[in-house]
Amino acid sequence: MIDIKKTLKKKELSKGDLIFLLSQYNKDERQLIFEKAREVKKKYVGNKIYLRGLIEYSNNCKKNCLYCGIRYNNKKVKRYVVKDEDVLQCADYAFKNNYASIVLQSGEISNKYFVQKISNLLKEIHQLTDNSLKVTLSCGEQTKETYKRWFEAGAHRYLLRIESSNKNIYNNIHPNDIKHNYEKRIQALQNLKEIGYQVGSGIMIGLPEQSIEDLADDLLFLKNINVDMVGMGPYVEHTDTPLYQKKELLLSKNGRYNLSMIMFALLRIIMKDINIASTTALDAISDFGRIEALNIAANVLMPNLTPTNYIANYNLYNNKPNSLLAYKLTNHIEQYKNRHGCSIAYGEHGNSKHFNLRTQKK
Ligand code: SAH
Ligand code: SF4
C-alpha cells in the first residue's frame, strides 16, 4: 500500500513504476490507482463526457489483420457501404441531438472512388449541419495526399491505432507483407500530425503473448508520440479469424477487463489532458465496461448511430453490442450521471485540451 501511494505521488512514472502498478490485482490497491486517475481527470479535463456519434461506414477492407472479423479473407462477411442518404441522416441525428461530433469509421479502402466519396460526404455533412459538427475519421492508412484532401474537406480528427507498439507482437497479429507494415503505420501517424489533425491512436489490451511489460511500453509509446486522443480497448477474439487459434493463451474476460481498467487509469495519470474514449469492446467483455472506464479515466463516449440494417455486419469481434446503442447508452448515462456527478457535454465539441495546448505553443 505504502509503495503504491509513494509511486502514485511521483511526477513522472517510469516503465518500472508502470509495470509495478499494472501488476496490482488486489481490490484496495487498485482502488488507489483509480482514485488517482479520477483526481487527475477532474483536475485536467473535468467531469464532462463528450459524445461522438459513430457511423460504421463500410466493412469493405483490403487488409487481413489476423484478429479482425471483417478482414478481407473472411468470406462469411456480408459486405456493405452505407448509402449517402443514410450517412447524412445519421449526421443530422447527431446534429439535432446535440452530439456536436461524429466519427466515420470503415475498413481500409484506398481507391480513388472511396477517397473522393469520403471527401464528398465530409462536404455534404458540413453543409447539412451549418459547419457545426466536428468529424473524426478512422479509415486506416492512406497516403499523405489523401489525408490532406480529407483534412481540407473538413475532417478534424483522425484515429489510427498502432494496435501494439511492440514490433514483434505487431508482426504476430498481422500478415507479413507490405500492406501490414509497422513502420508504415508509424509514418501514417506522423503524417496526420504534420497535416494538423488532432491525432488519436491506441492499442489492444490482452492480446495473445502480450506481457505486462509490453503494456507498459504501449503506454510510454502513446506518451512519446504525444497523441491528442486515445481509443484503446480489450482484444476480443473473433471465431472466424486466424488469431482465434491462440484463444487458449488469452486471459479470461474478467482478467482482460481488470487489465483494461488499470490501463485506462494509468493512461490518464501519465497523459493528463488528452481525450480518452470509452470503447465499445469494453462492453463485449463486461456488462458495464464502458461506464466503468468513464467513471475512472475516459471522457469520450461513442454511441453507435450506424443504421440497424448494416450494424450486425460490422462485426469486428465476438459479442459486439449491436442494437439501439445510441438510445440505450445515452439513457443509461443520464442515470449514471446522477450517481457520479458527471454530465454529458451536449453541444460541445470537446476538442482535446492536449491538442489545443500543443498547437498554441507553435
Ligand atoms: N480499418 C481501420 C478502422 C476500423 S478497425 C483500422 O484498422 O485502423 C478499428 C479498430 O478495431 C482497430 O484499430 C482495432 O484495434 C479494433 N479491432 C479490430 N478487431 C478487434 C478485435 N478482435 N478485438 C478488439 N478490437 C478489435
Ligand atoms: Fe481492416 Fe481495420 Fe479490420 Fe484491419 S482492423 S482488417 S484494417 S477493418
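Residues numbered from 1 in each chain as written. Chains lettered and ligands numbered in written order. Predicted model: local features only at pLDDT ≥ 70, side-chain atom pairs only at ≥ 80, totals over all residues. Heavy atoms only, no water.

(A) Geometry of the overall build of the protein chain. Regarding its fold elements, the protein chain presents 15 helices and 11 strands. Since a compact globule built from 362 residues should have a radius of gyration of about 21 Å, the 19 Å found for the protein chain is in line with a globular shape. Here the protein chain holds 362 residues, and the buried ones make up 58% of them. About 15800 Å² of surface is accessible on the protein chain, with carbon and sulfur atoms providing 49% of the total. Side-chain charges of the protein chain comprise 54 positive and 37 negative groups, with the mean position of each set lying 2 Å from the other. (Helix = DSSP H or I, 4+ residues; strand = E, 2+ residues; numbered from the N terminus. Rg over C-alpha atoms; globule rule 2.2 N^0.38 Å. Buried < 20%, exposed > 50% of the residue type's maximum accessible area, 1.4 Å probe, protein only. Areas by Shrake-Rupley, 256 points an atom, 1.4 Å probe, with all protein chains shown as cover. Lys, Arg positive; Asp, Glu negative; His and termini not counted. Charge placed at Lys NZ, Arg CZ, Asp CG, Glu CD.)

(B) Representation of empty space enclosed by the protein within the structure. Enumeration according to the criterion identifies 2 cavities of 30 Å³ or more in this entry. Lining the largest cavity we find 35 residues, and of these Gln105, Arg161, Glu163, Tyr314 and Leu316 sit closest to its centre. Among the secondary structure elements, those contributing two or more residues to the lining of the largest cavity are strand S2 (53-58), strand S3 (101-106) and strand S8 (229-234). In terms of residue class, the lining of the largest cavity is made up of 18 nonpolar, 9 polar and 8 charged. The calculated volume of the second largest cavity comes to roughly 140 Å³. What lines the second largest cavity is a set of 13 residues, and nearest its centre among them are Leu159, Met229, Ala277, Val300 and Met302. Class assignment for the residues of the lining of the second largest cavity results in 8 nonpolar, 4 polar and 1 charged. (1 Å grid on protein atoms, 1.4 Å probe; cavity = no way out; pocket = protein on both sides within 12 Å on 5 of 7 lines; lining within 4 Å. Points joined across faces, edges and corners; volume = space filled by probe spheres on them. Nonpolar A, V, L, I, M, F, W, Y, C, P; charged D, E, K, R; others polar.)

(C) Focus on the side chain of Asn275. For Asn275, the position within the fold is in strand S9 (residues 275-278). Using a relative accessible area of 4% as the deciding quantity, one classes Asn275 as buried. In this structure the side chain of Asn275 is engaged in a polar contact, spanning 3.0 Å, whose partner is the side chain of Asn299. Discounting chain neighbours no more than four positions away, the residues touching Asn275 are Arg52, Asp228, Met229, Val230, Asn299, Val300, Gly350, Asn351 and Ser352. (Polar contact = N/O pair within 3.5 Å; in protein donor to acceptor, adjacent residues only side chain to side chain. Contact = heavy atoms within 4.5 Å.)

(D) Broad picture of the site of ligand 2. Looking at ligand 2, the residues that line it are Cys61, Lys63, Cys65, Tyr67, Cys68, Ile70, Arg71 and Gly107. Grouping the constituent residues of the shell around ligand 2 by class yields 5 nonpolar, 1 polar and 2 charged. (Near = heavy atom within 4 Å.)

(E) Up close: the site of ligand 1. The environment of ligand 1 is formed by 18 residues, the closest being Tyr67, Ser106, Arg161, Glu163 and Val236. Side-chain polar atom of Glu163 to an oxygen atom of ligand 1: 2.6 Å apart, as the coordinates give it. Arg185 is positioned with one of its side-chain polar atoms (N or O) 3.1 Å from an oxygen atom of ligand 1. Computed on the free molecule, ligand 1 has an accessible area of 540 Å², of which 93% lies beneath the protein chains in the complex. A majority-of-atoms criterion places ligand 1 in the largest cavity. For the shell around ligand 1, the residue count by class is 9 nonpolar, 5 polar and 4 charged. (Sits in = over half its atoms within 2 Å of the grid points.)

(F) View of the packing of helix H4 (residues 84-96) against helix H5 (residues 112-128). Orientation of H4 relative to H5, taken along the N-to-C sense of each, is 40°, at an axis distance of 10 Å. Regarding the angle of H4 to H5, the classification is oblique. The two elements H4 and H5 meet at a crossing, and its hand is right-handed. For the pair formed by H4 and H5, the contact residues are Asp84, Val87, Leu88, Ala91, Asp92 and Phe95 on the first element and Lys117, Leu121, Glu124, Ile125 and Leu128 on the second. For the contact of H4 with H5, the class distribution of residues is 7 nonpolar, no polar and 4 charged. (Axes fitted to C-alpha atoms, helices over the stretch in contact; angles between N-to-C directions. Parallel < 35°, antiparallel > 145°, perpendicular 65-115°, else oblique. Left-handed = near helix turned anticlockwise from the far one by under 90°.)

(G) How the structure looks around the nonpolar core. By size, the foremost hydrophobic cluster in this structure holds 105 residues, and its most contacted members are Leu137 and Trp150. For this core, the element with the most residues is helix H10 (residues 253-270), which contributes 11 residues. Core analysis: the next-biggest nonpolar cluster, separate from the first, contains 7 residues, Ala277, Val300, Met302 and Ala345 among them. (Core = buried A, V, L, I, M, F, W, Y, C linked by side-chain atoms within 4.5 Å.)

(H) Here's a closer look at the pairing of strand S1 (residues 48-51). Alignment of S1 against strand S11 (residues 343-344), held across 2 bridges, turns out to be parallel. Note on S11: the bridge partner recorded for Ile49 is Ile344. (Pairing = 2+ DSSP bridges.)

(I) Local environment of the packing of aromatic side chains. Enumeration according to the criterion identifies 9 aromatic pairs in this entry. Aromatic side chains Tyr57 and Phe114 sit 6.2 Å apart centroid to centroid with 40° between the ring planes, which places their arrangement in the tilted category. Of this pair, Tyr57 sits in strand S2 while Phe114 sits in helix H5, placing them 57 residues apart in sequence. The same class applies to Tyr57 as to Phe114, namely buried. When the ring of Tyr147 is compared with that of Tyr197, the centres are 6.5 Å apart and the planes differ by 75°; the resulting orientation is edge-to-face. Taken together, the residues Tyr147 in helix H6 (residues 144-152) and Tyr197 in the loop between helix H8 (182-195) and strand S6 (198-201) connect sequence positions 50 residues apart. Each member of the pair Tyr147 and Tyr197 is classed as buried. Among the aromatic residues, ring-to-ring pairing joins Tyr147, Phe151, Tyr158 and Tyr197 into one connected group. (Phe/Tyr/Trp six-rings, centres within 6.5 Å; stacked < 30°, edge-to-face > 60°.)

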